[in-house]
Amino acid sequence: MSEPLLEANGITKSFGGVRALRGADFAVHPGEVAALVGDNGAGKSTLVKILSGTLAPDGGEIRFEGRQVAIEHPVAARELGIETVYQDLALAPELDPAANLFLGRELVRPGLLGRLGFLDKAAMRRRTNKAFADLGVGLQDTGAMVANLSGGQRQSVAVSRAATWVSKVVFMDEPTAALGVVQSAHVRDLIRRVRDSGIAVVLISHNMPEVMELADRIEVLRLGVRVARYQAADTTMEQVIAAMTGALGSEEGEVA
Amino acid sequence: MSETREVPPAEVPDEVAPEPAGNGLRAVLRRRLTETTTWTFLILLGIVAGFAALRFQQFATVFNFRNIAADASGLLIIAVGMTFVIITSGIDLSVGSVLVFSGVIAAKVMLAIGGEGWGAIGAGLVAGLVAGLAWGVVNGVLVTKARVPPLIVTLGTLGMALGSALLITGGIDVRGVPLQLTTTIGIGQLGGVPYVVIIAAAVTAVGAVTLSMTRFGRYTYAIGSNAEAARRAGIDVDRHLIKVYALSGLLAGLAGMVSLARFATTTIGGHSTDNLAAIAAVVLGGTSLFGGIGTVLGTLVGVFIPAILQNGFVILGVQPFWQQVAVGAVLIVAVYIDQLKRRAQERGERR
């Protein structure tokens, strides 16, 4: 297997007296879906927040493409080519999909108007429509506010935004949690297509059948440490759940 | 990084959920019709038509409209700044006091320099604008860095600005404003349009373009819509909010100068309800108090509804106090409609 693209070693993080992460490790390679699973309170969200720049770790090291990095802000993550689909989607409901896709990265008109901050709305609309078409997102009314879209459509906007800007790693925190059967199938399809383009996808999910279906590798967190890693093809759901619940000892899983 | 990444195209571009709408004229029309701004504009047209039908001779004259516009100019300038603030889901109660404070500073500076020249007027203008801007920055810094809610911050600076103005003047209005200011800017006209109306129109036009077409406007909407999402998208939310409150203060300072020019005195006691009038105008114009939605053109409509009602009632011989009753009722209806739309959207979220 290739070198890990993003690697976390011995990450620690405490909130007051609570030790959320007690030396957690994690790695993801280019062009794979790595599922990060664990029971509630295992430290998944904390680890993802640290790796996407919304939380600072207390200790441990993060390596990106082999060199040690500090990801102190979401913008720093973005500059490394890391995008995140947050569980709450982080969309501006009163803005349209194009405005959300380009939030914080607005295109301005060329020349003097651009220097005055005039937006190139037509170009943003065009590229949004192209991104949606490429990703197979069917949205006929791209001029409507995101607030008027269905849950699945909103999820698609958030995933499309990450897929549009990501160049290395995308974190997806419970991307199908709020969706119906057809809509989740669609988002899963989208995740596969992002992976097939060579991006590393980190999937955080409670939905074990979905993890087994999508993931190439599975990393299991329990009580703030990684307890097991599996190649998804060589393992069963029972094994993964055993590791999650502690029926299996520390790092006893077949290391991938 | 600005290049859109190529991702293998979908084999079956199926829909996530069916949505019976198009990008065509129909969809645009439907959206327009559900906007509060459209309705309040129709109400404004109805009011104008009503008064014109009842008293065409007195109401529908150039002279009368010129007066209405000149009277509304100061409020319009303040309301443009207020529109930006309310779209960020903030509020600025201090505008009337900041207007008075800036007027006092401007008048004092012009008096100190003395004479009738444009030099003194220019110095007064700069001083007034800087005073307004300073109060705005104070508001913005307290809201963002000290995390005190805008309602409380601007209620505090409302008292502080007015109190300071009273301390500086000893409670007596400053007179002796250069005559040139009142005779030109105050009552002068350019091609039949009063200077104060031209100033207010220019502020409105620049405000409307900035809000709807620039990155500054886009950030204003984004922060009011979801400040956390804006922050995660790399927008410096605190800095932008400080700029928005500074803009509101700056425009209050400009309105203070316009007030000086029109009345030749500081009118310390005359602006205690300007803040509420501006908020009412902004909300009447379809801007949502919850943030993320609003337009400057809507605010323009919202300023003229009370102004024309007042004027029409005077002409009709109806007690002008009815204007306050009518505007109050329309305001509540406007916010009620906004609420209904929000609730419909929340239902939509659970689809």
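Residues numbered from 1 in each chain as written. Chains lettered and ligands numbered in written order. Predicted model: local features only at pLDDT ≥ 70, side-chain atom pairs only at ≥ 80, totals over all residues.

**So, the packing of helix 4 (residues 62-87) of chain B against helix 13 (residues 274-284) of chain B**
All names here are of chain B. Helix 13 packs onto helix 4 with a crossing angle of 65° between their chain directions and a minimal axis gap of 9 Å. Taken as a pair, helix 4 and helix 13 cross one another with a handedness that is right-handed. Here helix 4 contributes L75, I78, A79, M82, T83 and I86 to the contact with helix 13, which in turn contributes D274, A277, A278, I279, A281 and V282. Residues belonging to the contact of helix 4 with helix 13 are distributed by class as follows: 10 nonpolar, 1 polar and 1 charged. (Axes fitted to C-alpha atoms, helices over the stretch in contact; angles between N-to-C directions. Helix = DSSP H or I, 4+ residues; strand = E, 2+ residues; numbered from the N terminus. Left-handed = near helix turned anticlockwise from the far one by under 90°. Contact = placed C-beta atoms within 7 Å. Nonpolar A, V, L, I, M, F, W, Y, C, P; charged D, E, K, R; others polar.)

**Observations regarding the environment of T154(B)**
Residues and elements named next belong to chain B. Looking at where T154 falls in the secondary structure, it is placed in helix 7 (residues 150-169). Classification of T154 as buried rests on a count of 31 C-beta atoms within 10 Å. C-alpha of T154 to C-alpha of D92: the two residues are 62 residues apart in sequence and 5.5 Å apart in space. When residues no more than four places from it in sequence are discounted, the contact partners of T154 are I91, D92, L93, S94 and N139. (Buried ≥ 20, exposed ≤ 12 C-beta atoms within 10 Å, placed from the backbone.)

**Considering the sheet that holds strand 8 (residues 200-204) of chain A**
Residue and element names in this part refer to chain A. If you walk across this open sheet you meet the 6 strands as 6-7-8-3-9-10, and the pairing is mixed. The open sheet has two edge strands with one neighbour each: strand 6 (82-85) and strand 10 (225-231). Strand-to-strand twist in this sheet, taken as the mean axis angle between neighbours without regard to direction, amounts to 20°. Here helix 7 (residues 181-196) sits on the sheet in contact with strand 3 (33-37), strand 7 (169-173) and strand 8, set at roughly 150° to strand 8. Against the sheet, helix 9 (residues 237-245) contacts strand 3, strand 9 (217-222) and strand 10, and its axis sits at roughly 25° relative to strand 9. (Pairing = 2+ DSSP bridges.)

**What about the nonpolar core?**
By size, the foremost hydrophobic cluster in this structure holds 182 residues, and its most contacted members are V170(A), V202(A), L203(A) and I78(B). Tallying contributions element by element places helix 12 (residues 237-263) of chain B first for this core, with 15 residues. The contacts of I78(B), once residues within four sequence positions are left out, are V95(B), L99(B), L251(B), A252(B), A255(B), D274(B) and A278(B). (Core = buried A, V, L, I, M, F, W, Y, C linked by C-beta atoms within 7 Å.)

**Observations concerning the domain arrangement of chain A**
Residue and element names in this part refer to chain A. On domain assignment, one finds that chain A holds domain 1 (1-81 + 166-256) and domain 2 (95-165). The C-alpha centroid of domain 2 is placed 28 Å from the C-alpha centroid of domain 1. With 11 residues of domain 1 at the interface, the matching set in domain 2 holds 8 residues. (Domains from an automatic or database assignment.)

**Some points on the pairing of strand 1 (residues 6-15) of chain A**
Residues and elements named next belong to chain A. Where strand 1 lies against strand 4 (residues 59-64), 5 bridges are found, and the strand directions are antiparallel. Bridged to L6 within strand 4 is F64. Strand direction decides the pairing type here: strand 1 and strand 2 (residues 18-28), joined by 8 bridges, are antiparallel. In the strand pairing of strand 2, I11 is matched with A24. Counting the residues that bridge the hairpin from strand 1 to strand 2 gives 2 residues, and of these G16 lies at a positive phi of roughly 60°.

**Describing unusual backbone geometry**
With phi around 50°, E174(A) is a residue other than glycine that occupies positive phi space. Structurally, the position occupied by E174(A) is in the loop between strand 7 and helix 7. Phi at R147(B) takes a positive value of approximately 55°, unusual for a residue other than glycine. Turning to its location among the elements, R147(B) is positioned in the loop between helix 6 (118-144) and helix 7. Judged by the 9 C-beta atoms lying within 10 Å of it, R147(B) falls in the exposed class.

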